[in-house]
Amino acid sequence: MSVQKVLETIKENNIQFVDFRFVGLTGGAHHITLPTTEVDADTFVNGVAFDGSSIPGFRGIEESDMVMMPDTETAYIDPFTSHPTLNIMCNIHTPDGERYDRDPRSIAQKAEEYLQTTGIGTTAFFAPESEFFIFDDVRYESSMNTSFFSVDSEEGAWNTNRKEEGGNLAFKVPVKGGYVPVAPVDSQQDIRSEMVRLMQESGLRVERHHHEVATAGQAEINFRFDTLTKTGDNLMKYKYIVHNVARQWGKVATFMPKPLFGDNGSGMHVHTSIFDGDTPLFYDNKEYANLSKLAMSYIAGVLYHAPALIAITNPSTNSFKRLVPGYEAPVNLVFSKGNRSAAVRIPIAAVTPKGCRIEFRTPDSTANPYLAFAAMLLAGLDGIKKGLDPIALGYGPFDKNIYDLPEEEKKEIRSVPGTLDEALDALEADSGFLTESGVFSQDFIDNYVALKRSEAKAVSIRIHPHEYSLYFGC
């Protein structure tokens, strides 16, 4: 959409405000809203100023002036505001016009530009499967003398005896029993359909929605693949709509990986492929799972760099409550066709040459999508450039249920880091695949690690309620 088309859209739809948005390091969206009387063609040349020092990990107070540069291709009408509003995603520039090297969206664009310089291919496509929970009530506190959380859901397995429903309507979702049941067990069909309707009106091509495995309202809505930066934009739009529809319905949605103990967590399985023009580069029907040697090297790069990569694709302390060995979590750094116990799965059902892809199952939605997709692409490209072979490196294929293997065999399989600090250690030791291309700067890596270590420390020094169960009587 050109600047002129945006201005015409504002006029034709009686838009009263334009909401200029950007994404911080931790993946949260921020915005500044201008009345349309203050928006003209020059706005898209000069940008919108903001205070970068107020965004965690961005700028010091002595160099706080930053500029949002709007990307007109991202414009869509906000489905929630009372006053007609047009939302536009922006890149971050310094006051002298340079692209800011800590801006996640600019990093995503640089990753796409780098792919084109390699001669490997022209376009990388991404499709995230972002799972989430819809709760009816959420309460939490962490203070000097109190630490707790409490969530509730009318679907919760623990609510078979709840009296507030007027006799209790039963049909609760059992623990690990929520995968695609029909109503009345699935009580959230209509709210998910409303989310889908608004996503479609806002420009997303939605492929399907369903209830996920966990009790208490776990859900998944899948939208169609797109190029790296566009998929990042689409995921930000997706999360915005999920959160706000839930709020409209008097509920609350969360993409937190592990909000419940003892049931499945929420992941963000990411499907990836590379094309050269219109030619898919991951397909070869003479090889394992129809994967080309290039695709196999891409897998090897992802798995080889996975310990460092996970610091970006699973960047929260809560991420590692989901990534626990011995459960149905994608912690095993191996690949396999159609096998959900492997970190990298190759889908094989109803796959065409253009649909041939790999699925990295470890990430979750606390990841900043621009950073996560860019880092995944760079890890895979490093594997291709070095001609890595995942079989020679011992990454599989493992075409059997890894969870059922004897313990001696399991010990031979590499696993993901066990904590955020371990993942950050791995990133510090193995960041060359991100920085050598110039896509990520060393300053960005150092700043990112410092920011995330501060989060890990904030959690580690606080008293956990379960410690009272274990130690209070000592």
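The name given to the protein chain in an unreviewed UniProt entry is Glutamine synthetase, with Paenibacillus soyae as the source organism. Recorded under Subcellular location (unreviewed entry), the UniProt text for the protein chain is reproduced unchanged: "Cytoplasm".

Colleague: What am I meant to see in the environment of F335 here?
Modeller: Within the fold, F335 resides in strand β16 (residues 335–337). Sequence spacing of F335 and S147 is 188 residues, and the spatial spacing of their C-alpha atoms is 40 Å.

Colleague: Would you explain the side chain of S297 in this entry?
Modeller: Here S297 shows up in helix α6 (residues 293–304). Ignoring anything within four residues of it in the chain, the contact list for S297 reads G380, G383, I384, G387 and L388.

Colleague: Before we go on, may I ask you to explain the environment of N14 in this structure?
Modeller: By secondary structure assignment, the location of N14 is in the loop between α1 (3–12) and β1 (17–23). Distance in space between the C-alpha atoms of N14 and I413 is 59 Å, their sequence separation being 399 residues.

Colleague: Looking at this model, I keep getting lost on the side chain of D364. Mind explaining?
Modeller: Along the chain, D364 turns up in the loop between β18 (358–360) and α9 (369–385). Within the buried set, D364 has no salt-bridge partner at all; the shortest N-O distance to an opposite charge, 4.5 Å, is to R322. There is a polar contact of 2.7 Å between the side chain of D364 and the side chain of S319. A polar atom in the side chain of D364 sits 2.4 Å from the side chain of T366.

Colleague: What is the right way to look at the nonpolar core in this model?
Modeller: General note: in soluble globular proteins, nonpolar side chains tend to be found buried as a group. Residues M195, Y238, L377 and F440 are the most contacted members of the largest nonpolar core, which totals 118 residues. In terms of residue count, the dominant contributor to this core is α9 (12 residues). Here M195 is in contact with F132, I134, I221, I241, V242, V245 and A246, once residues within four sequence places are set aside.

Colleague: How should a nonpolar patch on the surface be read in this particular structure?
Modeller: A grouping of V138, Y140, F149 and V252 is seen on the molecular surface, where their side chains present a nonpolar patch of about 420 Å² in accessible area. The residue V252 is located in strand β13 (residues 252–254) in this model. The exposure class assigned to V252 is partly exposed, which follows from its relative accessible area of 33%.

Colleague: Honestly, the pairing of strand β3 (residues 48–51) in this entry has me stumped. Any pointers?
Modeller: Strand residues, when the strand is regular, have side chains that alternate between the two faces of the sheet. Residues V48 and F50 of β3 are buried on one face, while the alternating residues A49 and D51, pointing to the opposite face, are not. Sheet topology note: the β3/strand β4 (residues 65–70) ladder contains 4 bridges and is antiparallel. Its bridge partner being in β4, V48 is matched across the sheet by M68.

Colleague: What is the right way to look at the packing of aromatic side chains in this model?
Modeller: The geometry of an aromatic ring pair is captured by two quantities: the separation of the ring centres and the angle between the planes. Within this structure, the stated rule accounts for 18 aromatic pairs. Arranged with centres 5.4 Å apart and planes meeting at 80°, the rings of F125 and F225 form a pair that is edge-to-face. With F125 in strand β7 (residues 123–135) and F225 in the loop between β11 (218–223) and β12 (226–227), this residue pair connects regions lying 100 residues apart in the sequence. With centroids separated by 5.3 Å and ring planes inclined at 45°, the aromatic side chains of F132 and F255 adopt a geometry described as tilted. Taken together, the residues span a long stretch of sequence, with F132 in strand β7 and F255 in the loop between β13 and β14 (268–276) at a distance of 123 residues. Counting every residue linked through ring pairs, the aromatic cluster contains F22, F50, F58 and Y100. Here the guanidinium or amino end of K239 rests over the ring plane of F255, the centre of that ring lying 5.1 Å away.

Colleague: Honestly, the packing of helix α7 (residues 306–313) against helix α11 (residues 420–429) in this entry has me stumped. Any pointers?
Modeller: Helix-helix packing is characterised by the crossing angle of the two axes and by the distance between the axes. For the pair α7 and α11, interaxial distance at closest approach is 7 Å and the crossing angle is 120°. Compared by their axis directions, α7 and α11 come out oblique. The interaxial crossing formed by α7 with α11 has left-handed handedness. Across from P307, A308, I310, A311 and I312 in α7, the residues of α11 making contact are A423, L424, A426 and L427. In the contact of α7 with α11, the residues fall into 9 nonpolar, no polar and no charged.

Colleague: In this structure, what is going on with unusual backbone geometry? I would like to understand it.
Modeller: Between A183 and the following residue, P184, the backbone shows a cis peptide bond with an omega angle of 10°. If you trace the backbone, P184 turns up in the loop between β9 (147–152) and α4 (189–201). Look at the link from G396 to P397: it is a cis peptide, with omega at 10°. With phi around 50°, N14 is a residue other than glycine that occupies positive phi space. Located in the positive-phi region is A216, a residue other than glycine, with phi close to 70°. Mapping A216 onto the fold places it in the loop between β10 (206–211) and β11. By relative accessible area, which is 0% here, A216 ends up buried.

Colleague: What am I meant to see in the pairing of β14 here?
Modeller: Here β14 lies mainly inside the structure; 8 of its 9 residues are buried. The pairing of β7 with β14 spans 8 bridges and is antiparallel. Residue pairing for β14: T123 is matched across the bridge by F275. Pairing between β14 and β18: 3 bridges, direction antiparallel.

Cut-offs used in this document
Residues numbered from 1 in each chain as written. Predicted model: local features only at pLDDT ≥ 70, side-chain atom pairs only at ≥ 80, totals over all residues. Heavy atoms only, no water. UniProt positions renumbered as here; feature names shortened; annotations may be inferred. Helix = DSSP H or I, 4+ residues; strand = E, 2+ residues; numbered from the N terminus. Contact = heavy atoms within 4.5 Å. Buried < 20%, exposed > 50% of the residue type's maximum accessible area, 1.4 Å probe, protein only. Lys, Arg positive; Asp, Glu negative; His and termini not counted. Salt bridge = Lys/Arg side-chain N within 4 Å of Asp/Glu carboxyl O. Polar contact = N/O pair within 3.5 Å; in protein donor to acceptor, adjacent residues only side chain to side chain. Core = buried A, V, L, I, M, F, W, Y, C linked by side-chain atoms within 4.5 Å. Patch = residues over 30% accessible without salt bridge, like charges linked within 9 Å, V, L, I, M, F, W, Y side chains within 5 Å. Areas by Shrake-Rupley, 256 points an atom, 1.4 Å probe, with all protein chains shown as cover. Pairing = 2+ DSSP bridges. Phe/Tyr/Trp six-rings, centres within 6.5 Å; stacked < 30°, edge-to-face > 60°. Lys NZ or Arg CZ within 6 Å of the ring centre and 35° of its normal. Axes fitted to C-alpha atoms, helices over the stretch in contact; angles between N-to-C directions. Parallel < 35°, antiparallel > 145°, perpendicular 65-115°, else oblique. Left-handed = near helix turned anticlockwise from the far one by under 90°. Nonpolar A, V, L, I, M, F, W, Y, C, P; charged D, E, K, R; others polar.

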